[in-house]
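# Observations on the model geometry
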Amino acid sequence: MVDTALISSELSAAATARAAVLRRLRGSDAVFRIITRMSVYCVLLILGGVIVSLVSGALPAMRTFGFAFLTTEVWNPVTDKFGALAPIYGTLVTSAIAMLIAVPVGLMIAIFLTEICPPWLRRPIGIAIELLAGVPSIIYGIWGLFVFAPFLQRTLQPFLIDVFGPIPVLSSVFAGPPYGIGVLTAGLILAVMVLPFVTSISRDVFDAVPPVLKEAAYGVGCTTWEVVRFIVLPYTRVGVIGGVMLGLGRALGETMAVTFVIGNAHRISASVLAPGTTISASIANEFTEAVGDLYTSALITLGLILFVITFIVLAIARYLLMRIERRIG
Amino acid sequence: MNSVYRARRRRNWIAMSLSLVATLFGLGWLVLILAVLLWEGVGGLSLQVFTEMTPPPGSAGGLLNAIVGSLILTVLAVAIGTPVGILAGTHMAEYGRYEKLTSVVRFINDILLSAPSIVVGLFVYEVMVVPMGHFSGWAGAVALALIVLPVVVRTTEDMLNLVPNPLREAAVALGMPRAYVIRHVCYRAARAGMLTGVLLAVARVSGETAPLLFTALNNQFWGANLNAPMPSLPVVIFQFALSPYEDWQKLAWTGALIITVTVLALTVVARFLAASRKEQ
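Thresholds applied
- Residues numbered from 1 in each chain as written.
- Chains lettered and ligands numbered in written order.
- Predicted model: local features only at pLDDT ≥ 70, side-chain atom pairs only at ≥ 80, totals over all residues.
- Heavy atoms only, no water.
- Helix = DSSP H or I, 4+ residues; strand = E, 2+ residues; numbered from the N terminus.
- Expected span 1.5 Å × (residues − 1).
- Bend = angle between axes of the 7 residues up to and from the residue.
- Buried < 20%, exposed > 50% of the residue type's maximum accessible area, 1.4 Å probe, protein only.
- Polar contact = N/O pair within 3.5 Å; in protein donor to acceptor, adjacent residues only side chain to side chain.
- Patch = residues over 30% accessible without salt bridge, like charges linked within 9 Å, V, L, I, M, F, W, Y side chains within 5 Å.
- Areas by Shrake-Rupley, 256 points an atom, 1.4 Å probe, with all protein chains shown as cover.
- Salt bridge = Lys/Arg side-chain N within 4 Å of Asp/Glu carboxyl O.
- Contact = heavy atoms within 4.5 Å.
- Buried area = accessible area lost by both parts, 1.4 Å probe.
- Phe/Tyr/Trp six-rings, centres within 6.5 Å; stacked < 30°, edge-to-face > 60°.
- Lys NZ or Arg CZ within 6 Å of the ring centre and 35° of its normal.
- pLDDT = per-residue confidence, 0-100.
- Axes fitted to C-alpha atoms, helices over the stretch in contact; angles between N-to-C directions.
- Parallel < 35°, antiparallel > 145°, perpendicular 65-115°, else oblique.
- Nonpolar A, V, L, I, M, F, W, Y, C, P; charged D, E, K, R; others polar.

Looking now at helix α8 (residues 183-207) of chain A. Residues and elements named next belong to chain A. Taking 1.5 Å per residue, 25 residues should reach 36 Å; α8 reaches 36 Å between its end C-alpha atoms and fits that length. The largest bend in α8 amounts to roughly 35° and is located at Val194, with the proline Pro196 lying one to four residues further along. By the criterion of burial, α8 is predominantly enclosed, with 23 of the 25 residues buried.

As structure tokens, this is what we get:
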């Protein structure tokens, strides 16, 4: 004869134990959920923090110089006169040179990888190009300063000066003694650094073109180039532009490589062979040596300008890439 | 064959040759950079580099304090950035996959992912170096952590999104609570991919210089004190390479070789991990 009372008490004990475990699990569940949510807010907070701290750091300079800060070329720490025009100009010109080279070359590499490369070679070449993106920027800097700049000084720059010397407008673009370092050198190095970004995104969107479209074009007798030109490129235009903008964002903000080879001169010169400066190079070079609140604040304002420019470029890039992802997926 | 055909074939041939040339051009840079690094760096590579401090100009020395400093900063940055990143990625993929907040955060995270790293340095300078009154290893570690974070968030979210839903449903059907399912089922399924993300973040951080310039600064001496300026390999390279002293430049090349080999090895390992996962 089993004691029913004992069983029922055992059962109820088991039930309470079970309830306790469930409660604990529900509690830990909620805690885990809240912690993960906090981490998400953390990401938002960082962006907010970056903007707020840059703006607050930039306030003294903005109050002193106003909008003239954006249009003045003078940069004189001794008299506390600062203007951002030269660094902004340098940033835009170096990035333009970089994109001018990296976009066509990057696209051609992507075309090679997707259209004519034998399949077994695709992965190794793809990885090699991506390693180019993995090389730290300081390596590009030291390499650019000791190897690339002297090389340019001996070969490309005298050649450019000789060739374009007699032509009216171009002679001033390629004027002056070949220093080696300068805006052109920085732009060329940026081009190599941006190349992998353009290549890998273009390759990914090229791969996403429906094979049927390409087969149909080949079927009516198109050459490979015509398929790329009239089928692949129009179909992937948005994605390619997104990739290019992403690369542009990188080029605008790149610091170390540029700092090594640009020459750090706060002036605007028509010649791309002359030394110049960029926003990021100015900050990297001068920030630790900046004495006086206004000097520091002017450099932080430069940082804010850089952040705003790259933010806009990257936002456009992400928007375009999101659009093509939606269409493919 | 008529002339139109010939012209089209010629154009095709030119375009395809150009694309081959472009590829060789791109690969050429990689080979060139690595070759110069090996050429300049291997000569200076000796045991001394790993056992002695950075020297004053004109005397012999190594890179020990810089290497150790870099290791400490990287480990700290990963220790701070990874947990937050994984948790945030978890929320975005598991709890709030269809929330508006998630797409906003994803957008912002993608921008932080490619934002100029020097701006991160300025931010940390403003919020840590100024209030503390001095440069410090902590500030450098936080700056690097802010670079680790978006990489980890992105890969965690992507990898968790790839975990098939039936796995989750099966686990939930056994009566497991949500947090338990995530930790013991989803994390396990996505482990290789998440590890890849962390490795890529380490690779990225170990070569970063810009955010350290005015957070961790530099230090000629042995420094395990995180409250003081801290040496790191990239900053030492920066300083030594731009110096006029030949022996410093030599050490800079050696340091550059060490960093590049480390970073590229990490990148390759990460890629293989990602590839082996894809094949499963």
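Turning our attention to the side chain of Glu115(A). Relative to the helices and strands, Glu115(A) resides in helix α3 (residues 85-116). Polar contacts involving the side chain of Glu115(A) include one to the side chain of Lys214(A), which spans 3.1 Å.

Turning to a nonpolar patch on the surface, a few remarks are in order. Residue and element names in this part refer to chain A. Together, Ile51, Val55, Leu59 and Met62 line one region of the surface with nonpolar side chains, adding up to about 270 Å² of accessible area. Residue placement: Leu59 occurs in helix α1 (residues 4-65). Residue Leu59 is classed as partly exposed on the basis of its relative accessible area, which comes to 34%.

Bringing unusual backbone geometry into the picture now. All names here are of chain A. Positioned with a positive phi, Asp80 is a non-glycine residue whose angle comes to about 60°. Looking at the secondary structure, you find Asp80 in the loop between β1 (75-76) and β2 (81-82). Even without a glycine there, the phi angle at Asn264 is positive, about 50°. Along the polypeptide, Asn264 turns up in the loop between α11 (256-261) and α12 (279-286). Classification of Asn264 by relative accessible area gives partly exposed; the value is 32%.

On the chain A side, the residues contacting the 82 residues of chain B number 80 residues. Carbon and sulfur atoms supply 81% of the area buried between chain B and chain A, which totals about 7300 Å² over both sides. Taken together, the links from chain B to chain A amount to 4 salt bridges. For the salt bridge of Arg8(B) with Glu226(A), the shortest nitrogen-to-oxygen distance reads 2.7 Å.

On to the packing of aromatic side chains. Here the structure, examined in full by the defined rule, presents 19 aromatic pairs over all chains. For the ring pair Phe260(A) and Phe238(B), a centre distance of 5.5 Å and an interplane angle of 80° mean the geometry is edge-to-face. With Phe260(A) in helix α11 and Phe238(B) in helix α10 (residues 233-241), this residue pair bridges two chains. An angle of 45° between the planes, with centres 4.5 Å apart, marks the rings of Phe287(A) and Phe214(B) as tilted. Residue Phe287(A) is located in the loop between α12 and α13 (293-328), and its partner Phe214(B) is located in the loop between α9 (191-206) and α10; the two belong to separate chains. Accessibility assignment for this pair places Phe287(A) and Phe214(B) in one class, buried. The ring centre of Phe32(A) lies 5.2 Å from the NZ or CZ of Arg183(B), which sits over that ring.

Bringing the confidence of the model for chain B into the picture now. When pLDDT is low, close inspection of the predicted coordinates is not appropriate. The predicted model of chain B averages 87 in pLDDT, with 96% of residues at 70 or higher. The ipTM value of the predicted complex is 0.88, and its pTM value is 0.88.

Now for the pattern of salt bridges. Once the charged atoms of two side chains with opposite charge are near each other, the side chains can pair. For the structure shown, the criterion picks out 12 salt bridges over all chains. Between Asp110(B) and Arg154(B) there is a salt bridge, with the nearest N and O atoms lying 3.0 Å from each other. With Asp110(B) in helix α4 (residues 100-114) and Arg154(B) in helix α6 (residues 137-162), this residue pair connects regions lying 44 residues apart in the sequence. Relative accessible area serves as the criterion here: at 8%, Asp110(B) is assigned to the buried category. Arg154(B) sits in the partly exposed class, given a relative accessible area of 24%. What emerges from the salt-bridge pattern is a single network uniting Glu130(A), Arg203(A), Asp204(A) and Arg271(B).

This paragraph deals with the packing of helix α3 (residues 64-95) of chain B against helix α8 (residues 178-189) of chain B. A pair of packed helices is characterised by two quantities: the angle between their axes and the separation of those axes. Residue and element names in this part refer to chain B. Direction vectors running N to C along α3 and α8 enclose 105°, while the axes themselves pass 12 Å from each other. Classed by the angle they form, the pair α3 and α8 counts as roughly perpendicular. In this structure, α3 uses Ile86, Thr90, Glu94 and Tyr95 to contact α8, whose residues at the interface are Arg178, Ala179, Ile182, Cys186 and Tyr187. Tallied by class, the residues present in the contact of α3 with α8 amount to 6 nonpolar, 1 polar and 2 charged.

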